[in-house]
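Here are the chains, one letter per residue:
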Amino acid sequence: MPDQDERRAELAASLARVRRRIADACAAVGRPRDEVTLVAVTKTYPATDVLHLAGLGVGDVGENRDQEAAPKAAQVRAAGTEVRWHFVGQLQRNKARSVATYADLVHSVDSVRLAGALAEAAARHRESPLDVLVQVSIDGDPARGGARLGGPPDTDLDQVAEAIAVTQSLRLRGVMTVAPVDWDPGAAFERLAGIADRMRVNYPTATVVSAGMSADVESAVEYGATHVRIGSALLGNRASLR
Ligand SMILES: *Cc1c(COP(=O)(O)O)cnc(C)c1O
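- Looking up the protein chain in an unreviewed UniProt entry gives the name Pyridoxal phosphate homeostasis protein, with the organism given as Rugosimonospora acidiphila.
- Of the protein chain, the UniProt comment under Function (unreviewed entry) reads exactly: "Pyridoxal 5'-phosphate (PLP)-binding protein, which is involved in PLP homeostasis."

Below, the structure written as C-alpha cells:
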C-alpha cells in the first residue's frame, strides 16, 4: 500500500502532464480544449486512485472488465464520490446486466446481439437510457473486437448502429476505436473520423468520437477525438498486460 499522500502527489503530477498534452494537441490544430474529455482508465488500480483523481478534478473514469469495475464503482460510490463510469473493454453478454447498473457510457458495443442484451438489461435495471458507442474495427481483422463496414450481419457497423438506435433503453452516442498496433495511428483515426461523420448523417446525436490512448493522444485529438482514454500515462505502467 503506497503512502496515500505520496500517491496523490504522483497522480497530480502525471495528471498535469496529461492535461498539458491534451491542451497542446488541441492548440496545435485550433480545437477548443473543452471539446476533449479525459477518461482516466483505472484498470488494475484501486478505488483509492479513483478517489484521488476525482479529488483532482477528473470526472470520467474508464474500466475494461466488469469483475473489477463493479466492486470499484461500488467502493467509490460508498465513499460519497460521484464520477462518470465508462466501460471500454470487451463485454460478454452475461455481464450486460451488471454493466448497465453502474456504467454511464459503454464504448464497446460491437454486435447486434450485444446491443440486444444491453438494451434488455438497461430497460429492466435502469431508470434512464444507457449511452453507448459502437466500437469500430479499423482494419477489419475479425480476430479483434469491433464492428466493421460490410461485416457479417451480427457485426456489421450499420446494423449494429441501427440495432441500438431502434431501442428505447439505449442511446447511440457515437463511435470508439483502438488503433491497430501495426497501423500509423493518424491513419486509423482519420478513417474513424470518416466513419463518425457518416454515422452522424443518419444519427445526429452520435457526436462522440472515443479514440486515443497514452501513446497516441495527440494524433487522436488531431483527427477529432472527443474522448481520450488514458491509462498508463496517468496511473503508471500496469503490472500485467491487458
Ligand atoms: C487500457 C485501455 C486504455 C488505456 O490504455 P493506456 O495505453 O494505458 O493509456 C484505453 N482504451 C482501452 C479500450 C483500454 O483497454
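**Some words on the overall build of the protein chain**
Now for step 1: When its secondary structure is counted, the protein chain shows nine helices and eight strands.
Now for step 2: Relative to a compact globule of 242 residues, whose C-alpha radius of gyration would be 18 Å, the protein chain shows 17 Å and is just as compact.
Now for step 3: In terms of overall dimensions, the protein chain has C-alpha extents of about 50 × 40 × 30 Å along its principal axes.
Now for step 4: Classification of the 242 residues of the protein chain by burial places 49% in the buried group.
Now for step 5: Of all intrachain contacts in the protein chain linking residues separated by at least 6 positions in sequence, the fraction that spans at least 24 positions is 62%.
Now for step 6: In the structure as shown, the protein chain presents an accessible area of about 11,300 Å², 49% of it carried by carbon and sulfur atoms.
Now for step 7: Side-chain charges of the protein chain comprise 29 positive and 31 negative groups, with the mean position of each set lying 3 Å from the other.

**A closer look at the pattern of salt bridges**
Now for step 1: One pass over the structure, following the stated rule, counts 15 salt bridges.
Now for step 2: Among the salt bridges present, the one from Arg20 reaches Asp24, with a minimum N-O distance of 3.1 Å. Of this pair, Arg20 and Asp24 both sit in helix H1 (residues 4–29), four residues apart, which is roughly one turn of the helix.
Now for step 3: We classify Asp24 as partly exposed; its relative accessible area is 41%.

**Brief notes about the UniProt feature "modified residue: N6-(pyridoxal phosphate)lysine" (unreviewed entry) in the protein chain**
Now for step 1: Taking the numbering used here, the UniProt-annotated feature "modified residue: N6-(pyridoxal phosphate)lysine" (unreviewed entry) corresponds to Lys43.
Now for step 2: One can find Lys43 in the loop between strand S1 (37–41) and helix H2 (47–55).

**Section: the site of the ligand**
Now for step 1: Every residue close to the ligand is listed here: Val41, Lys43, Val88, Met176, Met213, Ser214, Arg229, Ile230, Gly231, Ser232 and Arg238.
Now for step 2: Ser214 is positioned such that a nitrogen or oxygen atom in its side chain is 2.5 Å from an oxygen atom of the ligand.
Now for step 3: Within the backbone of Ser232, one N or O atom sits 2.8 Å away from an oxygen atom of the ligand.
Now for step 4: Computed on the free molecule, the ligand has an accessible area of 390 Å², of which 88% lies beneath the protein chains in the complex.
Now for step 5: Residues that form the shell around the ligand fall into these classes: five nonpolar, three polar and three charged.

**Quick notes on the side chain of Ser111**
Now for step 1: You can see Ser111 is positioned in the loop between strand S4 (105–109) and helix H5 (112–125).
Now for step 2: What makes Ser111 buried here is its relative accessible area of 9%.
Now for step 3: A polar side-chain atom of Ser111 sits 2.9 Å from the main-chain amide nitrogen of Leu114.
Now for step 4: Among all residues touching Ser111, those that are not within four sequence positions of it are Asp154, Thr155 and Val160.

**Quick notes on the environment of Leu133**
Now for step 1: Here Leu133 shows up in strand S5 (residues 130–135).
Now for step 2: Classification of Leu133 as buried rests on a relative accessible area of 0%.
Now for step 3: C-alpha separation for the pair Leu133 and His107, spaced 26 residues apart in sequence, amounts to 4.6 Å.
Now for step 4: Leu133 has contacts with Leu105, Val106, His107, Ser108, Val109, Arg173, Gly174, Val175, Met176, Val208 and Ser210, leaving out every residue within four places of it along the chain.

How each quantity is defined
- Residues numbered from 1 in each chain as written.
- Predicted model: local features only at pLDDT ≥ 70, side-chain atom pairs only at ≥ 80, totals over all residues.
- Heavy atoms only, no water.
- UniProt positions renumbered as here; feature names shortened; annotations may be inferred.
- Helix = DSSP H or I, 4+ residues; strand = E, 2+ residues; numbered from the N terminus.
- Rg over C-alpha atoms; globule rule 2.2 N^0.38 Å.
- Buried < 20%, exposed > 50% of the residue type's maximum accessible area, 1.4 Å probe, protein only.
- Contact = heavy atoms within 4.5 Å.
- Areas by Shrake-Rupley, 256 points an atom, 1.4 Å probe, with all protein chains shown as cover.
- Lys, Arg positive; Asp, Glu negative; His and termini not counted.
- Charge placed at Lys NZ, Arg CZ, Asp CG, Glu CD.
- Salt bridge = Lys/Arg side-chain N within 4 Å of Asp/Glu carboxyl O.
- Near = heavy atom within 4 Å.
- Polar contact = N/O pair within 3.5 Å; in protein donor to acceptor, adjacent residues only side chain to side chain.
- Nonpolar A, V, L, I, M, F, W, Y, C, P; charged D, E, K, R; others polar.

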